[in-house]
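Architecture at a glance
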Amino acid sequence: MIKFFEAVFQNLSTWGLPVLVLILGVIEFSLGLYKKHWSKNERILDIVCYTIPKIVVRPLVTYFGLKFLPLVLPDLKSVFDWVPFWWGFFILCIADDLTQYWYHRLHHEVPFLWRFHRTHHSAPYMGMAMASRQNIIYTIFFSQTYLTTTLVYLGLGYPALFVKGIKSIITTLAHSSIPWDKPFYEKKWLNPIAWVLERLISTPATHHAHHADSNDDGVGHYKGNFGNMFFLWDIIFGTGIITRKYPSGYGLKHYQEEEWYAQFMWPIFKSKKEGSELSANGPMVQDDPIPVPVAVRSEEPVIGKSKLELT
Amino acid sequence: MQMEPRIANRIVKNVLLSIFIYALPVILMLLTFYITGERPWEKKAASEQVSGK
């Protein structure tokens with residue numbers, strides 16, 4: 001039995017995941033879940049973000065694992081390979097996913113870091129097309145990749161195969177525009193499972209809320225729900241909101257459909273769109289328009305603070 | 001643009017809690033070995049001696 005699961009996860013780490021992404025993507029398109037948002041600029045950006053890191057980042061991580069670590073930690077290769085499987089699995093789940101939680105959260109909460117993660121949030125849709133959509137700098141410095149590679153070098157390679165596989169499935173399904181979690185909320189007898197599931201792992205409902213273009217509907221929560229594999233971190237740190245609903249819109253209210261190359265390569269390439277966060281003199285964080293009561297509304301459009309700083 | 005002090009304080013508190021969470025599985029593993037008397041690293045050392053590593 002264990003050999004069967006081993007084969008499943010080994011295949012998942014090579015061709016399995018891309019095939020899963022492809023199948024889900026085809027279903028999403030067939031169901032029209034991207035609506036009319038997938039413009040040429042978005043298409044190029046999504047495809048470039050999916051392919052280029054595989055050519056650039058993978059060799060970098062391989063070099064780190066096969067050359068750099070043996071150089072700096074020459075006597076520590078496989079030093080912890082005696083760690084029993086389930087303990088290794090437990091250690092890796094926490095080390096990998098908590099590190100990613102912090103990497104992700106800091107890119108939202110530290111203004112200087114936001115523009116490296118903005119590309120992932122600019123997509124006005126959810127689904128397989130945008131799941132890998134990231135700025136190249138964000139992808140290169142994915143901290144948990146290097147931590148997990150180090151733990152593999154130290155001897156936790158076997159449990160890492162399973163942790164990485166399970167994590168890939170959960171994060172892929174959380175980004176999908178197929179609301180596979182809906183039956184768990186609608187069918188009463190599945191409610192207890194939903195209660196555990198939505199607190200333990202990222203689901204479309206909680207992760208879509210993180211990608212919402214607004215918090216005004218009481219569902220969107222783009223300043224929280226940072227969890228990737230585990231939602232538990234958001235529960236522990238108080239950064240999560242669970243509503244069992246899906247937001248009405250995705251992306252950024254102030255999105256200017258910046259050029260794909262600027263979104264992928266900022267700050268190496270900058271956007272020509274005036275006032276954009278990715279332009280040469282753009283604001284670090286562009287706040288959303290602030291709704292103002294009619295009684296005090298002036299003739300001038302009211303916009304976020306950082307946009308005002310520009311003018 | 002500066003980070004709000006409320007958010008900075010929350011980050012510091014949560015980082016401290018995270019350090020404990022990172023250590024938790026290792027602490028629990030060592031505690032289990034202590035209680036059960038299990039010494040898996042000794043098995044590894046013995047097998048290495050046999051194989052002459």
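Throughout, residues of each chain are indexed from 1 in the direction in which the sequence is written. Throughout, the order in which chains and ligands are written sets their labels, letters from A for the former and numbers from 1 for the latter. At least 70 in pLDDT is required for a residue's local features to be given in this predicted model, at least 80 for side-chain atom pairs to be given and counted, and no such filter applies to totals for whole chains, interfaces and linings, which use all residues. Calculation of side-chain values draws on the structure's entire complement of heavy atoms; hydrogens and water are dropped beforehand.

Regarding the overall build of chain A
The criterion, for reference: Here a strand is any run of E in DSSP of at least two residues, a helix any run of H or I of at least four, and the numbering for each starts at the N terminus. Throughout, the radius of gyration refers to the C-alpha atoms, and the reference size of a globule is 2.2 Å times the residue count to the power 0.38. Relative accessibility thresholds used throughout: buried, under 20% of the residue-type maximum; exposed, over 50%; partly exposed, between the two (1.4 Å probe, protein chains only).
When helices and strands are tallied, chain A shows 13 helices and zero strands. Starting at the N terminus and walking to the C terminus, you meet the elements of chain A as α-α-α-α-α-α-α-α-α-α-α-α-α. The globule rule puts the C-alpha radius of gyration for 311 residues at 19 Å, and the 21 Å found for chain A is close to it. Dimensions along the principal axes, computed over C-alpha positions, put chain A at roughly 70 × 50 × 40 Å. Residue burial in chain A is summarised as follows: out of 311 residues, 50% are buried.

Digging into the packing of aromatic side chains
Residues and elements named next belong to chain A. Stated formally: Note on ring pairs: Phe, Tyr and Trp rings are taken, using the six-membered ring of Trp, and paired if centres are within 6.5 Å. Classes follow the plane angle, with under 30 degrees stacked, over 60 edge-to-face and the rest tilted.
Tallied over the full model, the rule gives 29 aromatic pairs over all chains. Seen from their ring centres, phenylalanine 64 and phenylalanine 68 are 5.4 Å apart, and the 20° between their planes marks the pair as stacked. Taken as a pair, phenylalanine 64 and phenylalanine 68 lie in helix H2 (residues 40-72) at a separation of four residues, close to a single helical turn. The class for phenylalanine 64 is buried, based on a relative accessible area of 16%. Taking the relative accessible area as the measure of exposure, phenylalanine 68 reaches 37% and is therefore partly exposed.

Here's the deal with the pattern of salt bridges
Defined as follows: We count a salt bridge whenever a side-chain nitrogen from Lys or Arg sits within 4 Å of a carboxyl oxygen from Asp or Glu.
Evaluation of the coordinates by the stated rule reveals 13 salt bridges over all chains. A salt bridge links Arg6(B) to Glu4(B), with the shortest nitrogen-to-oxygen separation between them at 3.4 Å. Given the relative accessible area of 42%, Glu4(B) is considered partly exposed. Each of Glu42(A), Asp46(A) and Arg133(A) takes part in salt bridges that share partners, so that together they form one network.

Things to note about the interface of chain B and chain A
Note on interface size: it is often stated as the accessible area lost on association of the parts. Just so we agree on the cut-off: Contact definition: two residues touch when any of their heavy atoms are within 4.5 Å. Think of a polar contact as two N or O atoms within 3.5 Å of one another; within protein, one of them needs to be a possible hydrogen donor and the other a possible acceptor, and neighboring residues in sequence only count if both atoms come from side chains. Gly counts as polar in this scheme, as do all residues outside two lists: the nonpolar Ala, Val, Leu, Ile, Met, Phe, Trp, Tyr, Cys and Pro, and the charged Asp, Glu, Lys and Arg.
Taken together, the contact between chain B and chain A spans 21 residues of the former and 27 residues of the latter. For Glu109(A), the salt bridge identified is with Arg10(B), shortest N-O distance 2.6 Å. Across the contact surface, chain B and chain A share four residue pairs in polar contact (both at pLDDT 80 or more). Tallied by class, the residues present in the side of chain B that touches chain A amount to 15 nonpolar, four polar and two charged.

Considering the nonpolar core
Let me state the cut-off plainly: By nonpolar core we mean a set of buried residues, namely Ala, Val, Leu, Ile, Met, Phe, Trp, Tyr and Cys, connected to one another through side-chain atoms within 4.5 Å.
Ranked by internal contacts, the top residues of the largest apolar core, which has 44 residues, are Val83(A), Leu98(A), Tyr101(A), Trp233(A), Phe237(A) and Met29(B). Elements supplying a minimum of two residues to this core: helix H1 (2-30), H2, helix H3 (85-109), helix H7 (143-175) and helix H11 (232-237) of chain A together with helix H1 (5-36) of chain B. Tyr101(A) has contacts with Phe226(A), Gly227(A), Asn228(A), Trp233(A), Asp234(A), Phe237(A) and Thr239(A), leaving out every residue within four places of it along the chain.

Examining the confidence of the model for chain A
Residues and elements named next belong to chain A. In plain terms, the rule: A residue's pLDDT is the predictor's confidence in that residue, given on a scale from 0 to 100.
With 92% of its residues at a pLDDT of 70 or more, chain A has an overall mean of 89. At the level of individual helices and strands, chain A shows its lowest average pLDDT in helix H13 (residues 305-310), which scores 32, and its highest in H11, which scores 98. Segment residues 292-311: pLDDT under 50, and 20 contacts once partners within four positions in sequence are set aside and those in other chains are kept.

Some words on the environment of Pro183(A)
Turning to its location among the elements, Pro183(A) is positioned in helix H8 (residues 182-186). Sequence-wise, Pro183(A) and Tyr138(A) are 45 residues apart; in three dimensions their C-alpha atoms are separated by 35 Å.

So, the packing of H3(A) against helix H4 (residues 111-121) of chain A
Residue and element names in this part refer to chain A. We count it as follows: Structural elements are reduced to axes, namely lines fitted to C-alpha atoms, with helices fitted over the stretch in contact, and the angle between N-to-C directions of any two is expressed from 0 to 180 degrees. Roughly parallel means an angle under 35 degrees; roughly antiparallel, over 145; roughly perpendicular, 65 to 115; everything else is oblique.
Contact geometry of H3 with H4 gives a least axis separation of 6 Å together with a crossing angle of 110°. One element, H3, and the other, H4, form an angle in the roughly perpendicular class. The segment H3 lies against H4, with His104, Leu106, His107, His108 and Glu109 engaging Pro111, Leu113, Trp114, Phe116, His117 and His121. Taken together, the residues of the contact of H3 with H4 sort by class into five nonpolar, five polar and one charged.

Examining H4(A)
Counting buried positions along H4(A) yields nine of eleven residues, so the element is predominantly enclosed. Within H4(A) the residues assigned to the buried category are Pro111(A), Trp114(A), Arg115(A), Phe116(A), His117(A), Arg118(A), Thr119(A), His120(A) and His121(A).

A look at unusual backbone geometry
All names here are of chain A. With an omega dihedral of 5°, the bond running from tryptophan 266 to proline 267 counts as a cis peptide bond. Structurally, proline 267 can be placed in the loop between helix H12 (260-265) and H13. Of note in this structure, asparagine 225 is not a glycine but carries a positive phi near 50°. A residue is classified by how much of its surface remains accessible, and asparagine 225, at 0% relative accessible area, is buried.

Overview of the environment of Thr243(A)
All names here are of chain A. Mapped onto the fold, threonine 243 is located in the loop between H11 and H12. Not counting the four nearest positions on each side in its chain, threonine 243 is found in contact with Gly218 and Val219. Among the polar contacts made by the side chain of threonine 243, one reaches the main-chain amide nitrogen of lysine 245 at a distance of 3.2 Å.

Points about the confidence of the model for chain B
Looking at chain B as a whole, the pLDDT averages 90, with 96% of positions reaching at least 70. Of the two predicted TM-score estimates for the complex, the pTM is 0.89 and the ipTM is 0.90.

What about the side chain of Lys167(A)?
Examined against the element boundaries, Lys167(A) turns out to sit in helix H7. Look past the residues within four positions of Lys167(A) in its chain and what remains in contact with it is Asp96(A), Asp97(A), Gln100(A), Gln144(A) and Met229(A).

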